[in-house]
Amino acid sequence: MWGWPRPLTSAHLRSDFARNDVYDGSAGFDTISIQATSPSQFDFRLADVASVEALVFAGTENMSALFQSNKVGGAGLSANLMVTGNANHNRLYVVLVTTTLHLSRWTFNNWGGT
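What this report covers is the structure whose coordinates are included nearby.

Conventions used here
Residues numbered from 1 in each chain as written. Predicted model: local features only at pLDDT ≥ 70, side-chain atom pairs only at ≥ 80, totals over all residues. Heavy atoms only, no water. Helix = DSSP H or I, 4+ residues; strand = E, 2+ residues; numbered from the N terminus. Buried < 20%, exposed > 50% of the residue type's maximum accessible area, 1.4 Å probe, protein only. Contact = heavy atoms within 4.5 Å. Pairing = 2+ DSSP bridges. Axes fitted to C-alpha atoms, helices over the stretch in contact; angles between N-to-C directions. Phe/Tyr/Trp six-rings, centres within 6.5 Å; stacked < 30°, edge-to-face > 60°.

## Notes on the environment of arginine 91
Then step 1. By the element assignment, arginine 91 lies in strand β8 (residues 90–95).
Then step 2. The exposure class of arginine 91 is partly exposed, given its relative accessible area of 44%.
Then step 3. Sequence-wise, arginine 91 and glutamine 41 are 50 residues apart; in three dimensions their C-alpha atoms are separated by 9.0 Å.
Then step 4. Setting aside chain neighbours within four positions, we find arginine 91 in contact with Phe57, Met63, Ser64, Ala65 and Trp111.

## Structural notes on the sheet that holds strand β2 (residues 31–34)
Then step 1. Judged by pairing direction, the sheet is parallel, and its four strands sit side by side in the order β2-β5-β7-β9 without closing on themselves. Every other strand in the sheet has two partners, leaving β2 and β9 (107–109) as the edge strands with one partner each. Adjacent strand axes in the sheet meet at a mean angle of 20 degrees when their direction is disregarded.
Then step 2. The sheet contact formed by strand β5 (residues 52–57) and strand β7 (residues 77–84) spans four bridges and is parallel. Within β7, the position partnered with valine 56 by the bridge is threonine 84.

## Overview of the packing of aromatic side chains
Then step 1. In the structure shown here, the tally under the stated rule is three aromatic pairs.
Then step 2. Ring geometry for phenylalanine 57 against tryptophan 111: centres 5.4 Å apart, planes inclined by 70 degrees, an arrangement best described as edge-to-face. Of this pair, phenylalanine 57 sits in strand β5 while tryptophan 111 sits in the segment after β9; the two residues are 54 residues apart in sequence, bridging distant segments of the chain.
Then step 3. Exposure remark for phenylalanine 57: the relative accessible area of 2% places this residue in the buried category.
Then step 4. What links up through ring pairs into an aromatic cluster is the set Phe57, Phe108 and Trp111.

Here is the structure:
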């Protein structure tokens, strides 16, 4: 799924992700929005994620998103990523596969479910 002048938005279940899937926001401000109708895990570790500035947990269910640390900063998830949760328990996992990881400029909005 490639970005266009409008924001990149994707909503796929874990089983839909495969090696070499590409989620490229290209230029501008781009968002990945995940949504599920039952508790779900979105595993982006096999996908190529590039030029994404925001991650939104949409919908009404508990969800988690998994990324590898080598997809943070640079051309991957923005070093200034804006993460927006929903009213439920959201989890964001970053699996460390690099020697350093800096998340100090990430912001979390509406984070901390009931």
